[in-house]
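Structural features, examined
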Amino acid sequence: MKIANIIIEVVERTIPDTGLDSDLGRFSGTTEQGLLRVITDEGIEGNCFIGNFRQGGRGLFRSILDVIKPELVGRDSADREWLWNRLGILASRKGVTPNAWAPVDVALWDIAGKAAGVPIYKLLGSYKEETPVYATYPPRHDTPEGYLEEAKEVLSHGFTAYKIHPGAMSTGNVVKAVTLIRHFVGDSMNLMLDPNCGYRFRKALAIGQVLDANQFYWYEDPVPHYELDSIKELDNRLIVPLCMSDQNPQQFYNSANMIRHQSARIVRGTSQKLGITGLKKLCSMAEGFGLNCEIGQAGNPLLNAANLHVTLSVSNCDYYEYWMPQEAQQFGLMNDISLNNSCCIEAPTLPGLGFSIDWDWIKSHKIDSLGA
């Protein structure tokens, strides 16, 4: 089955005002994203949305159409490994980023699943039929009391795991927040903390020691991802496992270096940068060393679906990351990822990515069609 064409339908949508004012960026207003259409000569079409809901997708369109499309048109749609191994050259010589390559890889997997008539996780090798989730919001409070109220909200919805994004709060306020939250939830929740690579070593260590005292499940990206000595020293001094790193653009190779140097006990990946091909590889690499690979949200519905399929196919990812409010990143589908009564996400049953595109919505929000 050959690739006949690659088209991007550009859509403009309004992110609902969720009341969040985050130091991670915009969570309301208008954004442009793309629906990728990889069309084959047998009529099967693979899809993925392009770009996350904060930055949009406009900066990725030209790389996909001007660089990746000429590489793929006329090739077999199964040539995913070939494309993965071309990425280094395309990046160094033609400026293709992992974020531009990743949705193309996901769309190729979507074709494979549709052609086989099964969801992608079954092609990858299914491990489980549902996954637990942890709830998280972007950093949106500047007081410990604000985070305590957030924890109460999350617990009231039935979640059994919660990740705190503390933003730029002082050491004392973070210490107070995590202590208040643990006291309130008791043993009913696994707790994580993610300061988004925002601390220097001394602050990271002081807060990490309090996380130890409060039996946190992991400590995510406490310091910048490139400070390998600080990461290794924190890992040596703390009980709570370090989980690194959402922010490195080369997640696969950065994680390989961390594993090699025993710098962290949990690695981090997302289909937004690794596609399905790279994310599955990362999980397998971590598994070989007895480590978990915890998968981070990907910023749009079909990339998040890709995360879900990999999560369902591996034994070393404990949770799906469930960002709230979901309406900030859910659009353009007839059905979307949702929770069951146990606050778990069940495996899709439809072929490919397993979520049907709302073509009427796409048509009504389309502002351009590129590559036709």
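Further up the page is the structure itself.
The text that follows walks through the structure, step by step, so that each part is easy to find. (Residues numbered from 1 in each chain as written. Predicted model: local features only at pLDDT ≥ 70, side-chain atom pairs only at ≥ 80, totals over all residues. Heavy atoms only, no water.)

Formed by 109 residues in total, the largest nonpolar core has its most connected members in Leu193 and Tyr219. When residues of this core are assigned to their parent elements, the largest contribution, nine residues, is made by helix 3 (residues 98–116). Listed in part, the seven residues of the second largest apolar core include Ala161, Met192, Ile266 and Tyr319. (Core = buried A, V, L, I, M, F, W, Y, C linked by side-chain atoms within 4.5 Å. Buried < 20%, exposed > 50% of the residue type's maximum accessible area, 1.4 Å probe, protein only. Helix = DSSP H or I, 4+ residues; strand = E, 2+ residues; numbered from the N terminus.)

The end-to-end C-alpha distance of helix 6 (residues 171–185) is 21 Å, a good match for the 21 Å that 15 residues give at a rise of 1.5 Å each. What helix 6 keeps buried is the set Val174, Ala177, Val178, Ile181, Arg182 and Val185. Looking down the long axis of helix 6, one finds its buried residues gathered within 120 degrees of arc, a one-sided arrangement. Tucked into the core, helix 6 has its buried residues touching helix 5 (144–156), strand 5 (161–164), strand 6 (190–193) and helix 7 (201–213). Once helix 6 ends, the next one or two residues include Gly186, with phi positive near 60 degrees. (Expected span 1.5 Å × (residues − 1). Arc of directions from axis to C-beta. Contact = heavy atoms within 4.5 Å.)

So, about the packing of aromatic side chains. Scanning the entire structure with this criterion turns up 10 aromatic pairs. With 5.5 Å between their ring centres and 85 degrees between their planes, Tyr134 and Trp218 make a pair best called edge-to-face. Taken as a pair, Tyr134 in strand 4 (residues 130–136) and Trp218 in strand 7 (residues 218–220) lie far apart in primary sequence, 84 residues in all. Here Tyr134 matches Trp218 in class, with each residue buried. (Phe/Tyr/Trp six-rings, centres within 6.5 Å; stacked < 30°, edge-to-face > 60°.)

What follows concerns the packing of helix 10 (residues 271–288) against helix 11 (residues 301–312). When two helices pack together, their arrangement is given by the angle between their axes and by how far apart the axes lie. Running from N to C, helix 10 and helix 11 cross one another at 5 degrees; their axes reach a closest spacing of 9 Å. Taken together, the axes of helix 10 and helix 11 lie roughly parallel to each other. Packed against helix 10, whose contacting residues are Ser271, Gln272, Ile276, Leu279, Lys280 and Cys283, the element helix 11 presents Leu303, Ala306, Asn307 and Val310 at the interface. (Axes fitted to C-alpha atoms, helices over the stretch in contact; angles between N-to-C directions. Parallel < 35°, antiparallel > 145°, perpendicular 65-115°, else oblique.)

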